[in-house]
Amino acid sequence: SILNFMDFTLTEEQQMVQQAAKDFAQNELLPGIIERDDAQAFPKEQVKKMAELGFMGMMVDSKYGGSGLDTLSYVLVMEELSKIDASSSVIVSVNNSLVCWGLETFGTEAQKEKYLSRLATGEIIGAFCLSEPEAGSDATSQKTTAIDKGDHYLINGTKNWITNGNSAEVYLVIAQTDVEKGHKGINALIVEKGTDGFEIGPKENKMGIRSSDTHSLLFNDVKVPKENRIGEDGFGFKFAMKTLAGGRIGIAAQALGIAAGAYELALKYSKERKAFGTEICNHQAIAFKLADMHTKIQAARHLVYQAAWDKDNGKDYTLSGAMAKLYAAETAMEVATEAVQIHGGNGFVKDYHVERLMRDAKITQIYEGTSEIQKIVISRSILKN
Ligand code: CAA
Ligand code: FAD
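The structure presented is a predicted model; accordingly, all values stated were derived computationally and were not measured.

Each value, and the rule that gives it
- Residues numbered from 1 in each chain as written.
- Chains lettered and ligands numbered in written order.
- Predicted model: local features only at pLDDT ≥ 70, side-chain atom pairs only at ≥ 80, totals over all residues.
- Helix = DSSP H or I, 4+ residues; strand = E, 2+ residues; numbered from the N terminus.
- Rg over C-alpha atoms; globule rule 2.2 N^0.38 Å.
- Buried ≥ 20, exposed ≤ 12 C-beta atoms within 10 Å, placed from the backbone.
- Contact = placed C-beta atoms within 7 Å.
- Near = placed C-beta within 6 Å.
- Nonpolar A, V, L, I, M, F, W, Y, C, P; charged D, E, K, R; others polar.
- Core = buried A, V, L, I, M, F, W, Y, C linked by C-beta atoms within 7 Å.
- UniProt positions renumbered as here; feature names shortened; annotations may be inferred.
- Pairing = 2+ DSSP bridges.
- Axes fitted to C-alpha atoms, helices over the stretch in contact; angles between N-to-C directions.
- Parallel < 35°, antiparallel > 145°, perpendicular 65-115°, else oblique.
- Left-handed = near helix turned anticlockwise from the far one by under 90°.

**Thoughts on the overall build of the chain**
Then comes step 1: Scanning the chain from N- to C-terminus turns up 12 helices and nine strands.
Then comes step 2: For the chain, whose C-alpha radius of gyration is 21 Å, the value lies close to the compact-globule estimate of 21 Å for 385 residues.
Then comes step 3: Dimensions along the principal axes, computed over C-alpha positions, put the chain at roughly 80 × 50 × 40 Å.
Then comes step 4: Residues counted as buried form 51% of the 385 residues belonging to the chain.
Then comes step 5: Residue pairs in contact within the chain that sit at least 24 positions apart in sequence constitute 73% of those at least 6 positions apart.

**Quick look at the site of ligand 2**
Then comes step 1: Neighbouring residues of ligand 2: 22 residues in total, closest Ser-131, Gly-136, Ser-137, Thr-370 and Glu-372.
Then comes step 2: Of all the secondary-structure elements, those providing two or more residues to the shell around ligand 2 are β1 (126–129), β3 (152–163) and α12 (371–384).
Then comes step 3: For the shell around ligand 2, the residue count by class is 11 nonpolar, seven polar and four charged.

**Some points on the nonpolar core**
Then comes step 1: Core analysis: the biggest nonpolar cluster contains 119 residues, and Ala-259, Ala-262, Val-304, Ala-328, Ala-336 and Ala-339 have the highest contact counts within it.
Then comes step 2: Looking at this core, the element that brings in the most residues is helix α7 (residues 236–272), giving 19 residues.
Then comes step 3: Here Val-304 is in contact with Val-75, Ile-249, Ala-252, Ala-253, Leu-256, Ala-324 and Ala-328, once residues within four sequence places are set aside.

**A closer look at the UniProt feature "domain: Acyl-CoA dehydrogenase/oxidase N-terminal" (unreviewed entry) in the chain**
Then comes step 1: Per the UniProt annotation, the sites labelled "domain: Acyl-CoA dehydrogenase/oxidase N-terminal" (unreviewed entry) are residues 11–123.
Then comes step 2: Taken end to end, residues 11–123 comprises 72% helix and 0% strand; its first and last C-alpha atoms sit 29 Å apart.

**Topic: the UniProt feature "domain: Acyl-CoA oxidase/dehydrogenase middle" (unreviewed entry) in the chain**
Then comes step 1: The positions UniProt marks with the feature "domain: Acyl-CoA oxidase/dehydrogenase middle" (unreviewed entry) are residues 127–222.
Then comes step 2: Regarding residues 127–222, the helix share stands at 0% and the strand share at 50%, and the terminal C-alpha atoms are separated by 17 Å.

**Side note on the site of ligand 1**
Then comes step 1: Inspection of the region around ligand 1 gives 23 residues, with Ala-139, Met-241, Thr-318, Tyr-367 and Gly-369 positioned closest.
Then comes step 2: Of all elements in the fold, only α5 (86–106), α7 and α12 reach the threshold of two or more residues within the shell around ligand 1.
Then comes step 3: At six residues, the largest contribution of residues to the shell around ligand 1 is made by α7.
Then comes step 4: Broken down by class, the residue content of the shell around ligand 1 amounts to 13 nonpolar, seven polar and three charged.

**Digging into the pairing of strand β7 (residues 214–225)**
Then comes step 1: Two elements, β3 and β7, share nine bridges in a ladder whose sense is antiparallel. Counterpart to Thr-163 in the pairing with β7 is Thr-214.
Then comes step 2: Summarising the sheet, strand β6 (residues 198–203) and β7 pair through four bridges and their orientation is antiparallel. Its bridge partner lying in β7, Glu-199 is registered against Leu-218.

**Some thoughts on the packing of α7 against helix α8 (residues 284–312)**
Then comes step 1: Following both chains from N to C, one finds α7 and α8 inclined at 155°, their axes separated by 9 Å at the closest point. Relative to α8, α7 is oriented roughly antiparallel. Helix-helix and strand crossings are classified by hand; for α7 and α8 the assignment is left-handed. Taken together, the residues of α8 that come into contact with α7 (itself represented by Gly-246, Ile-249, Ala-252, Ala-253, Leu-256, Ala-259, Ala-260, Tyr-263, Ala-266, Leu-267 and Ser-270) are Ile-286, Leu-290, Met-293, His-294, Ile-297, Ala-300, Arg-301, Val-304, Ala-307, Ala-308 and Lys-311.
Then comes step 2: Class assignment of the residues belonging to the contact of α7 with α8 gives a composition of 17 nonpolar, three polar and two charged.

What follows is the structure in C-alpha cells.
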C-alpha cells in the first residue's frame with residue numbers, strides 16, 4: 001500500500017467540517033472541562049450539540065439520518081475534538097465506528113430502521129460490548145453466553161469496561177452461542193437498555209477520559225429476540241474484528257488529536273515562559289523537544305490519513321489502521337509527557353490542561369487493542385504476505 005500515493009488536499013467540505021469541529025471544541029468543550037474531568041461528569045449537553053452538528057453518525061447514509069461523509073472527514077473531526085476533550089471524542093468514536101458502522105454494514109433493513117436512524121442522529125447513543133473480566137486482548141475467550149432458545153437468545157455473563165456503559169440505549173453484545181465451535185460459535189446481538197435481567201454495574205473511577213462513563217454490564221437470563229442478531233449465526237467474532245479494524249482509525253485520530261493539542265500548548269508556553277534571561281524555546285533542549293514532537297505528530301497524521309484514505313477507497317485497512325493506531329498512541333503518550341515537561345511545575349497542575357492530556361493519552365495505548373495487540377496484527381499481516 002506504500003504505492004497508493006494520496007492527495008491530502010482537503011476539499012472545501014472537509015475544511016468546513018474540520019473548522020466546525022475546531023470551533024465547537026474551543027467554544028463548547030473547553031469551558032468547564034476541568035470540572036467535568038474532576039467530577040467524572042458525562043458531557044450530556046455537549047453530546048446533544050455534537051448530534052446537532054451531525055458528529056454522531058458522520059459516515060452513515062443520509063437515508064438513515066447520518067451525515068454521509070467520508071472517513072477522512074471523520075478523522076478530522078476526531079482530531080479536533082481530541083485536541084481539547086478526549087472524553088467527548090471517545091463517545092463520538094464508539095458511536096460512529098463501533099456501533100453505527102457495524103449496524104449499517106451488516107444489519108438487516110429492519111434493524112437499521114429501528115436502531116440506526118436514532119443512533120446516527122444522536123437521538124440515542126450506543127455501546128460496543130466485547131471485553132470481559134477474562135477476555136480483553138484475548139477476545140475469543142468469551143465467557144458470556146447467548147444460548148439459542150428457538151425464537152430468542154438467552155444471555156448470561158459479564159462485560160467489562162464498556163464505554164457509554166450507562167448513557168447508551170442500545171448495546172451491541174458479543175457472546176458465545178456454541179462453545180464447541182470456538183470463535184465461529186460467537187454471535188453479536190442488539191440489546192436494549194431496560195431489558196429484564198440486564199443490569200448496569202458500577203462506574204469505573206479512571207485515570208483519564210474521566211468524563212466518559214465506563215461500566216461493567218451484568219446479564220442474567222436476558223432474553224433477546226432472534227431478529228436482533230447481526231449477520232448469520234456464528235458471525236459475531238468476525239463482526240467484532242471487522243468493526244474494530246475501522247474503530248482503530250478513529251482512536252488513532254483521537255491519539256493524534258491529543259498529541260497535537262498537547263504540542264500546541266507546549267509550543268505557545270515555550271515562547272512565553274522565560275528562564276535564564278530568555279524564552280525557554282531558545283534553549284536548544286526545549287527547541288529539540290518541539291522538533292521531535294512536531295515530526296512525530298506529522299508522521300502520525302500521515303498514517304492516520306492513509307488509513308482513512310484506504311477505507312474510503314475500498315482498500316484493505318486492517319494493517320494501515322493498526323499501524324496508525326500503534327504509532328499515534330505511542331506518539332500521544334510521548335508528546336503529552338514532553339508537553340508537561342516543557343510546562344515545568346505548571347504542567348503538573350490542572351489549569352494548564354497538559355496533565356489531563358497526558359492522563360488521557362494513556363488510554364489510547366490500551367483500548368481497541370493494546371499497542372502489543374496492534375503489533376500482533378501488524379506482524380501477522382506483514383508475515384502473511
Ligand atoms: N477482519 C476479519 N476477520 C478477522 C480480522 C479482521 N481484521 N482479524 C481476525 N479475524 C478473524 C480471523 O480470520 C479468524 O477467523 P478464521 O479462523 O475464520 O480465519 C478469527 O477472526 C480469529 O482470529 P485469530 O485466529 O487471529 O484470533 P486470535 O485469538 O489470535 O486473536 C486478535 C486475534 C487480533 C489478538 C484479537 O483477539 C484482538 O483484536 N484482540 C484485541 C481485542 C480488542 O481490540 N478489543 C477492543 C474492545 S472495544 C474497545 O476497546 C472500545 C473502546 O475502548 C472505546
Ligand atoms: P490484558 O488482555 O489482560 O492485557 C494485559 C497486558 O498484557 C497488556 O499490556 C497487553 O498488551 C499484554 N498482552 C496480552 N496478551 C498479549 C500477547 N499475546 N502478547 C503480548 N502482550 C500481550 N472494551 C469493549 O469491549 N468496549 C468498550 O467500549 C471498551 N471501552 C473501554 C474503555 C476504557 C476506559 C478501558 C480502560 C477499556 C475499555 N475496553 C472496552 C476494554 C479494552 O479494550 C481492554 O482493556 C483492552 O483490550 C485490553 O484488555 P485487558 O484489559 O483485559 O488486558
